[in-house]
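Architecture and fold: a report
Letter by letter, the chains look like this.
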Amino acid sequence: MFDPDFIFMIGLKVFFAFLMIGAVMTMAGYSVLAERKVSAWMQGRVGPNRTVLPLVGYIPFFGRFLKGLGIFQPLADGLKFLFKEEIIPGHVNKFYYNLAPIVALVPALTTMTVLPFGEFFNSDGESVPLMLANLEVGILFILAVSSLGVYGIVLAGWSSNSKYPFLGGIRSSAQMISYELAMGLSLLPIFLWVSQPGSGLLGLSLVDIVQSQSNSAWLFLVQPLSALIFLIALFAETNRLPFDMPESETDLVGGFHTEYGGFKFGIFFVAEYAHIVVGSAIFTLIFLGGWHFLPWIADPWPANWIGTIIGIAWFLAKTLFLIFFFIWIRWTLPRFRYDQVMNLGWTKLLPLALLNLLFYVLLVTWLDQSSL
Amino acid sequence: MKNGKSSSVVINLDGQDVEVPAGINLVEAASLHGTEVPHYCYHPKLSVAGNCRMCLVEMGTPMRDRATGEAILDEHGKQKIGWIPKPVIGCGTNVSQGMHVKTSSPMVKDSREGIMEFLLVNHPLDCPICDQAGECRLQEFATDYGRGYSRYVERKNVKPKRTRLGPRVTLDDERCILCSRCIRFCQEVVDDDVLGFVDRGSFSTLTCFPGKELSNNYSLNTVDLCPVGALTSTDFRFKMRVWFLKESSSICTESSAGSNITVSSREGVIHRITPRRNDEVNDSWMSDSGRELYKNVTSEDRLMKAKVDQEECTLSHAIETVKDTVDGKKLGIVGSCHSSLEEQFLLNKLAKITKAKKFLRGHFGEDDGILVSSDRTPNLRGSLVSGFSSRYPTDNLESLSKSLDKNELDVLLVIGEDLLASGIDLNQLNGVTLIFAGTHQNETSKLAKILIPTLTSFEKTGCFINRNFRVQSFKQAIPGPAGLLPDLQILSALIKSLEKDGIHRPDLSSIWKEMGKSSGSPLKGISFSDVPEDGLLIDGSKWSHLEFVEKKALNYTPARKAQKSK
Amino acid sequence: MAKTVVLERKPLSLSERTYLPQIATGLKTTFSNMFKEKVTLQYPEEKPAIPKNYRGIPTLVKDPNGREKCVSCQLCEFVCPPKAIRITPGSVPEGETDRAHVEKAPQEFEINMLRCIYCGYCQEVCPEEAIFLQDEYSSSGYSREEMINNKEKLYELGGTLPDAHYKWDKKKNEEDLGNDH
């Protein structure tokens with residue numbers, strides 16, 4: 001029971017878990033900065049460029065560059081949320097009101113336990129994926145857990161005892177349920193494709209999905225329609241514009257978090273961006289070849305620790321581009337109306353996903369038959 | 001015309017036949033029919049000097065044949081008009097039957113333009129710092145009749161700017177247009193000949209005769225008379241621009257002459273007092289001493305807080321305490337000739353209800369024969385008309401002194417008067433509860449158990465009756481100090497609390513209705529709103545047996561003499 | 001009744017109905033915008049160029065000889081629509097040689113910047129060209145009292161402006177040279 005190796009293993013896992021949380025939270029924080037910066041640039045503005053740590057600003061050129069980039073802004077934002085007065089309005093259901101932000105953040109952070117972000121070659125030259133828990137049904141775990149995030153929003157909207165949050169909560173639950181269907185259906189052809197007979201790969205394992213794209217076509221090239229449907233559904237699931245029904249500042253003031261302030265609002269805020277980070281990573285893994293170099297081209301880096309680091313960096317670069325894409329879309333497209341969101345989800349995406357599934361079922365069946 | 005039977009003549013004013021009283025000049029005749037003939041030196045209450053030349057008009061009379069005296073007719077069968085080839089001064093030309101006058105012909109306009117140009121040659125560009133700006137005839141006529149720009153490029157004459165003419169008048173020589181109104185005023189109205197012109201041409205300067213100064217009690221009227229800003233009031237100089245001032249009609253409280261005045265205030269602060277023309281009372285004048293009275297409003301010794309036993313309290317508490325103090329006690333009321341007619345009436349009513357003994361004293365001084373009469377209270381006759389007093393008050397309170405000696409009084413209500421300065425000894429007041437209601441502190445107010453601050457005549461509305469038995473109303477000019485009420489409301493509240501079942505309202509119209517009811521009152525059938533702006537003469541013959549102290553003065557002849565002359 | 005004409009709309013093509021090419025065009029536009037020159041100013045360090053005739057904070061100016069021009073005629077106080085100006089007039093003491101003819105000067109001159117609406121009437125009405133709305137536009141304070149500019153502050157803000165007339169100098173000149181008596 002108290003085997004030192006076992007304890008060491010647990011300690012290591014906990015250490016890695018904290019590392020991972022730190023990485024994702026940092027990325028979420030800097031996504032906020034990226035959002036502000038990118039939107040500013042697109043609108044001909046400069047964006048946050050005032051915050052600076054003491055002394056750093058005096059470093060010639062570099063200090064000014066960092067300041068102009070607003071690199072310390074997330075720090076200031078976070079501290080602001082921390083030090084603001086925690087207000088609990090008198091009319092709320094206090095227990096659920098306090099619970100909601102936690103429920104919103106926890107699924108976002110939980111999903112990342114099964115996210116692989118690179119590979120490591122052991123002494124035998126075998127590839128070992130870098131992740132906290134190599135779950136063979138990782139994609140199902142992610143679908144299951146991330147859909148729990150809606151409870152945070154619904155709880156927030158309901159416990160606030162106020163009109164706008166309530167409407168926001170209702171909308172978000174309807175929207176998430178609608179798009180989860182299309183999302184799940186769009187992934188089924190991927191499983192079929194990846195777990196083709198003889199490959200020895202599991203379609204439900206994220207690692208295997210990534211490995212299937214090594215030295216071959218990326219899946220978004222093989223299944224562009226699946227990728228498109230998944231991407232749209234991903235936007236809807238992360239409540240990003242053009243699907244930000246739960247918040248929709250123009251008609252619902254602040255949506256589900258209207259009654260929130262201070263650190264609790266900060267948690268919602270971070271959870272939203274954590275969702276984006278995790279979503280981007282998942283899309284990268286499934287459709288963009290994960291940490292592999294380019295379609296049909298073998299990884300040009302050596303199969304040792306250098307290759308591991310370059311692979312991780314390459315994976316992060318793809319993820320960051322997707323995060324940028326999220327932001328880019330937000331500052332380009334206007335918001336859908338609520339009925340349009342529902343219409344798109346049920347009458348367009350769902351049939352399309354079904355047809356897509358049918359097509360690939362038939363295709364895979366035909367391919368299997370012909371290859372036999 | 002000269003047959004004496006017609007007191008009015010028909011003249012043709014700018015092509016229209018109009019009827020005007022005979023004997024008036026053209027400036028007056030035109031103004032009667034809404035046509036303004038601009039003038040500087042002419043003043044209706046002074047002699048005609050005719051030296052400003054601003055009132056030039058074209059004038060012509062019907063032509064007659066010199067030999068036969070027959071009218072000369074033109075081709076239309078109308079009498080020909082013999083136009084005088086040059087313009088004549090309107091102020092110096094009296095109307096005559098059939099006279100034709102043009103007040104806006106090209107020649108008249110040309111003349112005015114020329115006169116204005118000459119007047120402005122040496123006039124400084126002082127309007128921004130000139131106190132007259134806004135009520136300056138030169139400014140008005142320059143815009144109405146001037147040419148709009150100056151052709152004068154030479155150097156202007158520079159004259160002294162702050163010559164002291166007297167204790168209250170400062171002269172700005174540059175601005176003077178030599179109309180001589182001030183000189184004539186001093187000669188004709190005050191009979192104090194101190195002003196004159198020296199030097200010649202554009203160097204002519206108004207000055208005091210050597211060894212004299214403009215120090216008579218009417219010197220500030222020269223400031224009002226001055227059509228430009230040359231004569232300025234040292235008191236008002238540079239204090240406030242006139243366009244900020246709110247003007248309200250009031251009555252001077254200095255003496256029984258009751259000069260009609262205009263109180264000019266801004267945002268509740270009085271800045272000056274000027275006379276208001278009333279040909280039956282004060283013409284266009286008032287005394288310098290009367291103009292100073294507004295300073296009482298903000299003086300140091302003004303009573304601002306109600307007090308009971310020297311402790312500050314609310315006004316309503318003080319009034320309640322008065323009621324408790326007075327109830328069932330032997331009360332004496334010392335009224336005041338400074339109170340308005342309505343206040344004296346209510347005081348009399350209060351006396352009736354409480355069965356109080358009434359006392360009244362007068363204040364007397366020297367009569368200057370113009371507008372400061374020897375009765376130095378504004379409303380002595382009001383105390384008679386209101387019924388508060390039936391005797392002519394003396395300079396002291398002898399009867400009160402006697403009553404006090406006989407211990408006839410427990411409580412004494414004093415309105416503004418100083419008992420200790422009226423022949424009452426401090427020892428006599430031992431054991432007597434004093435209630436003082438007044439505007440300013442005096443020796444009596446310091447002794448009072450209950451102190452009720454009241455309002456000055458600038459802060460309330462009411463009526464005074466002057467030496468001619470003319471009822472003249474004064475209107476509130478500024479709001480009173482915070483928390484204070486008009487005397488009428490205080491008295492009404494007292495009456496209401498003491499009178500068991502009476503209905504009483506402190507508004508002027510109901511008080512006047514009540515005043516008219518008392519038998520023999522000359523106010524019968526008159527209401528407060530009936531009193532016109534220039535006052536209402538009432539029948540004072542009921543009191544003609546009294547020995548009024550006023551001497552013959554401006555617009556006043558002592559009543560008994562008048563009877564004798566009949 | 002107005003007749004409503006229903007215009008026939010061109011039917012959308014398939015690619016237009018998918019909305020995707022339009023999204024791509026939009027993305028291109030926003031992306032190209034990222035590299036354009038920024039239009040914003042870094043305010044406290046960079047200040048916008050104030051155009052001539054800008055109506056900033058009203059100030060009192062002195063003439064090039066350093067004398068106060070205001071003679072407290074109170075026309076600005078009169079014309080001020082929100083009643084922001086409050087002047088206590090005063091007189092120039094006798095014997096001041098360089099202002100011998102002016103006689104009058106403000107004892108206190110207050111402009112309440114919480115009331116001021118920057119209309120510029122005061123500048124327009126001033127007969128002495130003593131009050132100007134200059135290019136200062138930023139005014140702040142911690143209390144209401146601080147937002148009332150007194151005479152000292154107004155002169156500090158106003159500084160000195162060139163004078164085209166030298167009205168009082170001309171007057172002094174006339175006095176010194178004089179006319180033949």
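Residues numbered from 1 in each chain as written. Chains lettered and ligands numbered in written order. Predicted model: local features only at pLDDT ≥ 70, side-chain atom pairs only at ≥ 80, totals over all residues.

1. Thoughts on the overall build of chain B
Of regular secondary structure, chain B possesses 14 helices and 24 strands. Principal axes of the C-alpha set define a box for chain B whose edges measure 90 × 55 × 40 Å. Looking at the 566 residues of chain B, the share that counts as buried comes to 44%. Restricting to contacts in chain B with at least 6 residues of sequence separation, those with at least 24 account for 65%. (Helix = DSSP H or I, 4+ residues; strand = E, 2+ residues; numbered from the N terminus. Buried ≥ 20, exposed ≤ 12 C-beta atoms within 10 Å, placed from the backbone. Contact = placed C-beta atoms within 7 Å.)

2. As for the overall build of chain C
When helices and strands are tallied, chain C shows six helices and five strands. When the helices and strands of chain C are read in sequence order from the N terminus, they spell out α-α-β-α-β-β-α-β-β-α-α. The globule rule puts the C-alpha radius of gyration for 181 residues at 16 Å, and the 29 Å found for chain C is more than 25% above it. By the burial criterion, 23% of the 181 residues in chain C qualify as buried. (Rg over C-alpha atoms; globule rule 2.2 N^0.38 Å.)

3. Here we look at the packing of helix 4 (residues 94-110) of chain A against helix 6 (residues 149-159) of chain A
Residue and element names in this part refer to chain A. Contact pair helix 4 / helix 6: the axes reach a minimum separation of 7 Å and the direction vectors enclose 165 degrees. What the angle tells us is that helix 4 and helix 6 run roughly antiparallel. The handedness of the crossing between helix 4 and helix 6 comes out as left-handed. Of the residues in helix 6, those in contact with Tyr96, Tyr97, Leu99, Ala100, Pro101, Val103, Ala104, Pro107 and Ala108 of helix 4 are Gly149, Tyr151, Gly152, Ile153, Leu155, Ala156, Trp158 and Ser159. For the contact of helix 4 with helix 6, the class distribution of residues is 14 nonpolar, three polar and no charged. (Axes fitted to C-alpha atoms, helices over the stretch in contact; angles between N-to-C directions. Parallel < 35°, antiparallel > 145°, perpendicular 65-115°, else oblique. Left-handed = near helix turned anticlockwise from the far one by under 90°. Nonpolar A, V, L, I, M, F, W, Y, C, P; charged D, E, K, R; others polar.)

4. Focus on the sheet that holds strand 5 (residues 148-149) of chain C
Residue and element names in this part refer to chain C. Spatial ordering of the open sheet is given by 2-3-5, a layout of three strands whose pairing is antiparallel. A strand with exactly one partner marks an edge of an open sheet, and here the two such strands are strand 2 (85-91) and strand 5. Its contacts with the sheet put helix 5 (residues 151-158) on strand 3 (104-112) and strand 5, and the angle it makes with strand 3 is roughly 85 degrees. (Pairing = 2+ DSSP bridges.)

5. Some thoughts on the sheet that holds strand 11 (residues 231-233) of chain B
Residue and element names in this part refer to chain B. In space, the three strands of this open sheet follow the order 7-8-11, with antiparallel pairing throughout. Taken across any chain shown, the strands that pair with only one partner, and hence form the sheet edges, are strand 7 (163-164) and strand 11. The pairing of strand 7 with strand 8 (residues 169-171) spans two bridges and is classified as antiparallel. Among the inter-strand pairings, threonine 163 is bridged to a residue of strand 8, identified as leucine 171.

6. Quick word on the packing of helix 1 (residues 4-42) of chain A against helix 12 (residues 262-287) of chain A
Residue and element names in this part refer to chain A. Taken N-terminus to C-terminus, the directions of helix 1 and helix 12 make an angle of 105 degrees; their axes are 8 Å apart at the nearest point. Here helix 1 lies roughly perpendicular to helix 12, going by the angle between them. Contact with helix 1, carried on its side by Val24, Met25, Met27, Ala28, Ser31 and Val32, involves Val270, Tyr273, Ala274, Ile276 and Val277 of helix 12 and no other residues of that element.

7. Points about the interface of chain C and chain A
At the interface, eleven residues of chain C touch nine residues of chain A. For the side of chain C that touches chain A, a count of residues per class yields five nonpolar, four polar and two charged.

8. Looking at the interface of chain B and chain C
Counting residues at the interface gives 15 residues for chain B, matched by 20 residues for chain C. By residue class, the composition of the side of chain B that touches chain C is eight nonpolar, one polar and six charged.

9. Some points on unusual backbone geometry
All names here are of chain B. The phi torsion at aspartate 14 lies on the positive side, around 50 degrees, for a residue other than glycine. Residue classification places aspartate 14 among the partly exposed residues on the basis of 16 C-beta atoms within 10 Å. Notably, glutamine 310 is not glycine yet its phi reads approximately 65 degrees, a positive angle. Relative to the helices and strands, glutamine 310 is located in the loop between strand 15 (306-308) and strand 16 (311-313).

10. Describing the nonpolar core
In terms of nonpolar packing, the biggest core is built from 159 residues, with Cys55(B), Val334(B), Val414(B) and Ile435(B) touching the most fellow members. Summarising the domain contributions, this core has at least three residues from each of domain 1 (8-104) and domain 2 (306-565) of chain B. When sequence neighbours within four positions are dropped, the list of residues in contact with Val334(B) reads Phe359(B), Leu397(B), Leu400(B), Leu412(B), Leu413(B), Val414(B), Ile415(B), Glu417(B) and Leu419(B). Formed by 86 residues, the second largest nonpolar core is a distinct cluster that contains Leu105(A), Tyr179(A), Trp193(A) and Trp314(A). (Core = buried A, V, L, I, M, F, W, Y, C linked by C-beta atoms within 7 Å. Domains from an automatic or database assignment.)

11. Quick word on the pairing of strand 20 (residues 433-438) of chain B
Residue and element names in this part refer to chain B. A large share of strand 20 lies buried, amounting to five of its six residues. Pairing between strand 19 (residues 411-415) and strand 20: five bridges, direction parallel. If you follow isoleucine 415 over to strand 20, its bridge partner there is alanine 437. Bridge count for strand 20 against strand 21 (residues 450-453) is four bridges, and the pairing is parallel. Looking across to strand 21, one finds that isoleucine 435 is bridged to isoleucine 450.

12. Focus on the environment of Glu146(C)
Mapped onto the secondary structure, Glu146(C) falls in the loop between strand 4 (131-133) and strand 5. Expressed as a C-alpha distance, the spacing of Glu146(C) and Asn112(C), which sit 34 residues apart in the sequence, is 9.2 Å.

13. What to know about the domain arrangement of chain B
You can read the domains of chain B as domain 1 (8-104) and domain 2 (306-565). Domain 1 of chain B and domain 2 of chain B are separated by 53 Å when their C-alpha centres are compared.

14. A short note on the arrangement of the chains
Across the two pairs of chains that are in contact, the largest number of contacts falls between chains B and C. What separates chain A from chain B at the closest point of their C-alpha atoms is a distance of 44 Å, and the two make no contact.

15. Some remarks on the pairing of strand 17 (residues 331-334) of chain B
Residues and elements named next belong to chain B. Here strand 17 shows a buried face lined by Leu331 and Ile333 and a second buried face lined by Gly332 and Val334. Of the strand pairs in this sheet, strand 17 and strand 19 are connected by four bridges, and their pairing is parallel. Following the sheet pairing, glycine 332 is matched in strand 19 by leucine 412. Relative to strand 18 (residues 357-359), strand 17 is paired through three bridges, and the arrangement is parallel. Bridge assignment links valine 334 to a residue of strand 18, and that residue is phenylalanine 359. A crossover connection joins strand 17 to the parallel strand 18 through helix 8 (residues 341-354); in handedness this β-α-β unit is right-handed. (Right-handed = clockwise from strand over helix to strand, strands pointing away.)

16. Some details on the confidence of the model for chain C
Of the residues in chain C, 99% reach a pLDDT of 70 or more, and the chain-wide mean stands at 88. Note on the complex model: pTM 0.74, ipTM 0.80. (pLDDT = per-residue confidence, 0-100.)

17. Considering the environment of Asp5(A)
Residues and elements named next belong to chain A. If you trace the backbone, aspartate 5 turns up in helix 1. A tally of 7 C-beta atoms within 10 Å means that aspartate 5 is categorised as exposed. When the C-alpha atoms of aspartate 5 and serine 370 are compared, they prove to be 50 Å apart, with 365 residues separating the residues in sequence.

18. Focus on the confidence of the model for chain B
All names here are of chain B. Here chain B averages 90 in pLDDT, and 97% of its residues register 70 or above. Put simply, helix 14 (residues 559-565) is where chain B has its lowest mean pLDDT, 49, and strand 13 (residues 260-266) is where it has its highest, 95. Throughout residues 561-566 the model reports pLDDT below 50, and contacts reaching past four residues in sequence, or to other chains, amount to two contacts.

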